[in-house]
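What the coordinates show
Letter by letter, the chains look like this.
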Amino acid sequence: MISAPLPRLQIRQLKRPSMPPQIRHLAGLLRRPLFRSSVILLTLAALSACSPASAPGTDARSRPADPPGAAPDSCWDRHVSPAIIETVTVQVLAEPEQRDAEGKLIRPAVFRTETRQDIVRPRTESWLQITCPVDMTPDFIASLQRALAVRGLYKGSVTGKLDRPTRQAILRYQQRHGLESHILSLDSARRLGLIAIPKS
């Protein structure tokens, strides 16, 4: 019995796609342990710098940034009131009027219009006593949403989450009382009936 010869398999070696020299250099650096650990440390430092001051669920009462003499169980926020600048248009005398010896007007006065910006209220920084994040439980936030909805400031569902619509409603409520902040102040929480007013 004569067996037919097996066909020869042709194996081609695929070429790797060429990388730019900058990528090859970076890949070589990443193989070095010292460089790799430096990249990890720099990444961790950048993430910690970008993290918010008080993440959800953290107790802001332990933050050192409180005003002098603040009660240990109170929470505060650094509130910045932006400057109020008003644009004013005024007429400035450019050339005075001219009269002859008899007092007859020869040439009327010439005025020019100038526009300037006046600071009505300068930028100020102050301490604002706020509701502690540890107290902002889902039940508390749900009560807050209901209180804001009764006043026509919150249109969403009662979710118990401090989301963007809830923060915007807080801002609208506090603007009525001269406070430009979306962080719920302790005074606002008391006015809304969410926190009892201490007896004096």
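Relevant structure appears above.
Presented here is a report on the structure given in the accompanying data block. (Residues numbered from 1 in each chain as written. Predicted model: local features only at pLDDT ≥ 70, side-chain atom pairs only at ≥ 80, totals over all residues. Heavy atoms only, no water.)

**Side note on the overall build of the protein**
Definition in use: Every helix listed is a DSSP run of H or I at least four residues long, and every strand listed is a run of E at least two residues long, numbered separately from the N terminus. Accessible area is worked out with a 1.4 Å probe on protein chains only. A residue is then buried under 20% of its type maximum, exposed over 50%, and partly exposed in between. The contact definition used throughout considers only heavy atoms, calling two residues in contact when any of these lie within 4.5 Å. Per-residue and other accessible areas follow the Shrake-Rupley method at a 1.4 Å probe size, with only the shown protein chains counted as cover for residues.
Tallying secondary structure elements over the protein gives 5 helices and 6 strands in all. Helices and strands in the protein line up, N terminus first, as α-α-β-β-β-β-β-β-α-α-α. Within the protein, the proportion of its 200 residues that are buried is 20%. For the protein, the share of sequence-separated contacts (at least 6 apart) that also reach a separation of at least 24 residues comes to 50%. Roughly 15,800 Å² of accessible area belongs to the protein as shown, and the carbon and sulfur atoms make up 58% of that amount.

**Overview of helix H3 (residues 138–150)**
Note the following rule: Each helix should span, by expectation, one fewer than its residue count multiplied by 1.5 Å.
For H3, built from 13 residues, the straight-helix expectation of 18 Å at 1.5 Å per residue is met to within 8% by its first-to-last C-alpha distance of 18 Å. Those residues of H3 lying buried are Phe140, Ile141, Ala142, Leu144, Gln145, Ala147 and Leu148. Where H3 is buried, its residues meet helix H4 (164–175). Trailing H3 by a residue or two, glycine 152 shows a phi angle of about 75 degrees, which is positive.

**With respect to the pattern of salt bridges**
Side chains that differ in sign of charge can pair as their charged atoms come close. Note the cut-off: Only one rule defines a salt bridge in this text: a Lys or Arg side-chain nitrogen within 4 Å of an Asp or Glu carboxyl oxygen.
Here the structure, examined in full by the defined rule, presents 6 salt bridges. Note that glutamate 125 is salt-bridged to arginine 78, the shortest N-O span being 3.5 Å. Taken as a pair, glutamate 125 in strand E6 (residues 124–130) and arginine 78 in strand E1 (residues 75–81) lie far apart in primary sequence, 47 residues in all. Owing to a relative accessible area of 41%, glutamate 125 belongs among the partly exposed residues under this scheme. Taking the shortest distance from any N to any O, the salt bridge between glutamate 125 and arginine 123 comes out at 3.2 Å. Assessed through its relative accessible area of 52%, arginine 123 is described here as exposed. If you follow the salt bridges from partner to partner, you end up with Arg78, Arg123 and Glu125 in one network.

**Side note on the nonpolar core**
Stated precisely, the cut-off is as follows: Buried residues of nine kinds, namely Ala, Val, Leu, Ile, Met, Phe, Trp, Tyr and Cys, make up a nonpolar core once their side-chain atoms join them within 4.5 Å.
Of all hydrophobic cores here, the largest spans 14 residues; its most connected members are Leu144, Leu148, Leu184 and Leu192. Elements supplying a minimum of two residues to this core: H3 and H4. Tallying contributions element by element places H3 first for this core, with 5 residues. Every residue in contact with leucine 148, bar those within four places of it in the chain, is listed here: Leu153, Tyr154, Thr166, Ala169, Ile170, Tyr173 and Leu192. Formed by 5 residues, the second largest nonpolar core is a distinct cluster that contains Cys75, Leu128, Ile130 and Leu179.

**Considerations on the environment of glycine 152**
Among the structural elements, glycine 152 can be located in the loop between H3 and H4. Judged by relative accessible area, glycine 152 falls into the partly exposed class, the value being 38%. Separated by 17 residues in the primary sequence, glycine 152 and alanine 169 place their C-alpha atoms 9.0 Å from one another.

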